[in-house]
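# An overview of the molecular structure
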Amino acid sequence: MQNKYIVIGDIHGRSTWLGCEKYIQEGYVLVFLGDYFDTHEVYSTGVISDNFLAILELKQSYPDNVILLTGNHDFSYLNENGICSGHKIATQAFVNSHKGIIKDNLKVIHIDGNFIFSHAGVSPIYLTEQNLTLDDLCEMKCDDNKLAFINKDIHTNIYGDNWYQSPIWIRPQSLIDSTETFQYKQVVGHTPCVNEKIFSHDDRIFFNDRLNFNQVLKVENDFVELLNL
């Protein structure tokens, strides 16, 4: 691993991440796991949009120390095949007016050593089905059609709990099952954590939709731990 990371889970309009800028001064790279838009909390579209613009400003201030990944809620505004729950007309208008800068700054995955960071996780079965490599995912645009939700009759449900889903849609159990022989460790968000202490599976899958607990993950020297903001 070349860098040390502070990994920030699904934002959904929250400004909790503001406490993380200090880590950049300590030599950490901030990784946002996506889902900047839509919320079940009482945030207006304006608050969510302003929060995202602040994140973009942070990225522009520290281009080498901030990584912005794509979530399914972000994709839903970038690709007409991606609409998911919480989709709002006003947010669509905002994204449409900023689509260029969004596409220039959001990635699908980030790889460092044997760690993969993504919104939901990379299934090798998905890679095979889509005839993709990890290098392809690193170069993929955040609005690519191959990120869309996959409706497949085998091992599937409406929440994306099947091995064939993309790195913005797959659910934890399918990710765990599909990566038993995968050489990488993965840090993912997407599915809410229901317990503030459970954040890993066999030291190879690390779950990080944790902002309700005001927590982030620190990844350093192949070691992962929870930090309280």
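Scroll up to find the structure this text is about.
Residues numbered from 1 in each chain as written. Predicted model: local features only at pLDDT ≥ 70, side-chain atom pairs only at ≥ 80, totals over all residues. Heavy atoms only, no water.

This part takes up the nonpolar core. Ranked by internal contacts, the top residues of the largest apolar core, which has 29 residues, are I8, L30, F32 and Y36. Of all the elements in the fold, those that place two or more residues in this core are β1 (4–8), α1 (21–25), β2 (28–32), α2 (45–61), β3 (66–69), α3 (72–78) and α4 (89–97). Each residue touching Y36, except ones within four places of it in the same chain, is listed here: I11, H12, G13, I48, F52, I55, L68, L69, D74 and L106. Grouped together as the second largest cluster of nonpolar side chains are 20 residues, I116, M140, A148 and I150 included. (Core = buried A, V, L, I, M, F, W, Y, C linked by side-chain atoms within 4.5 Å. Buried < 20%, exposed > 50% of the residue type's maximum accessible area, 1.4 Å probe, protein only. Helix = DSSP H or I, 4+ residues; strand = E, 2+ residues; numbered from the N terminus. Contact = heavy atoms within 4.5 Å.)

Another point: the side chain of S178. Of note, S178 is situated in helix α8 (residues 172–178). A distance of 3.2 Å separates the side chain of S178 from the backbone oxygen of L175, its partner in a polar contact. Setting aside anything within four residues of it in sequence, one finds S178 in contact with S123, P124, I125, W163 and I170. (Polar contact = N/O pair within 3.5 Å; in protein donor to acceptor, adjacent residues only side chain to side chain.)

For a regular strand, side-chain orientation follows a simple rule: the groups alternate between the two sheet faces. The pairing of strand β10 (residues 215–220) with strand β11 (residues 223–228) spans six bridges and is antiparallel. Counterpart to V216 in the pairing with β11 is L227. Here β10 hands over to β11 after two residues, with N221 in that stretch at a positive phi of 50°. (Pairing = 2+ DSSP bridges.)

Further remarks concern the pattern of salt bridges. Following the criterion strictly, the structure yields three salt bridges and no others. When the shortest N-O distance is used, the salt bridge between K218 and E225 registers 3.0 Å. (Salt bridge = Lys/Arg side-chain N within 4 Å of Asp/Glu carboxyl O.)

Phi at D35 takes a positive value of approximately 60°, unusual for a residue other than glycine. Within the secondary structure, D35 sits in the loop between β2 and α2. For N131, which is not a glycine, the phi torsion comes out positive at approximately 55°. Counting through the fold element by element, N131 comes out in the loop between α6 (124–130) and α7 (134–139). For N131, a relative accessible area of 68% gives the class exposed.

Treat this as a map of the structure, not an account of what it does.
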